[in-house]
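# Summary of the model geometry
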Amino acid sequence: MNKIKRKRRTFTDDFKHQMVSSLYQHGKSRREIVAEYDLTPSALDRWITQASQSGSFKTKDNRSPQEQELIALRKELKQLRMENDILKQAALIIGRKSLS
């Protein structure tokens, strides 16, 4: 069975809100919404979850505290590695100057 890869589309927050609030929460079935608006079931499910958890459709607003901490720690680690590399280079330069 060949599956045709769907072109990635983006939807506005207003559109997502309309799908969840105006249609899904007022009794229209997931199946009807997906068929009528040519959506993927996973996209609609994600919007429903996001609306119920945070009321926002932005990924950043729907991250768990652990995910936010992990992102912050990775950013800090990257910064510290860069600073460490700079200090190593500075130490090499100072070491060469003191030998001269």
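Calculation rules
- Residues numbered from 1 in each chain as written.
- Predicted model: local features only at pLDDT ≥ 70, side-chain atom pairs only at ≥ 80, totals over all residues.
- Heavy atoms only, no water.
- Salt bridge = Lys/Arg side-chain N within 4 Å of Asp/Glu carboxyl O.
- Buried < 20%, exposed > 50% of the residue type's maximum accessible area, 1.4 Å probe, protein only.
- Helix = DSSP H or I, 4+ residues; strand = E, 2+ residues; numbered from the N terminus.
- Contact = heavy atoms within 4.5 Å.
- Expected span 1.5 Å × (residues − 1).
- Arc of directions from axis to C-beta.

Before going further, it helps to examine the pattern of salt bridges. The final tally for this structure, using the stated rule, is two salt bridges. The salt bridge partner of Glu36 is Lys28, with a shortest N-O separation of 2.4 Å. By relative accessible area, Glu36 is classed as partly exposed at 49%. Look at Lys28 and you get partly exposed, because its relative accessible area is 23%. Between Asp45 and Arg30 there is a salt bridge; the shortest N-O distance is 2.6 Å. One end of the pair, Asp45, is in helix 3 (residues 41-53); the other, Arg30, is in helix 2 (residues 30-37), and 15 residues separate them in sequence.

This paragraph deals with the side chain of Gln50. Looking at where Gln50 falls in the secondary structure, it is placed in helix 3. When neighbours within four sequence positions are excluded, Gln50 is seen to be in contact with Gly55, Ser56, Phe57 and Asn62.

Turning our attention to helix 3. Because each turn of an α-helix spans 3.6 residues, side chains separated by three or four positions end up pointing in the same direction. With 13 residues, helix 3 should reach 18 Å at 1.5 Å per residue; the first-to-last C-alpha distance of 18 Å fits that figure. Among the residues of helix 3, Ala43, Leu44, Trp47, Ile48 and Gln50 are the ones counted as buried. The arc that holds every buried residue of helix 3, seen down its axis, measures 165°, which confines them to one face. In helix 3, the exposed residues that point more than 90 degrees away from the buried face are Ser52 and Gln53. Tucked inside the fold, the buried residues of helix 3 contact helix 1 (13-23) and helix 2.

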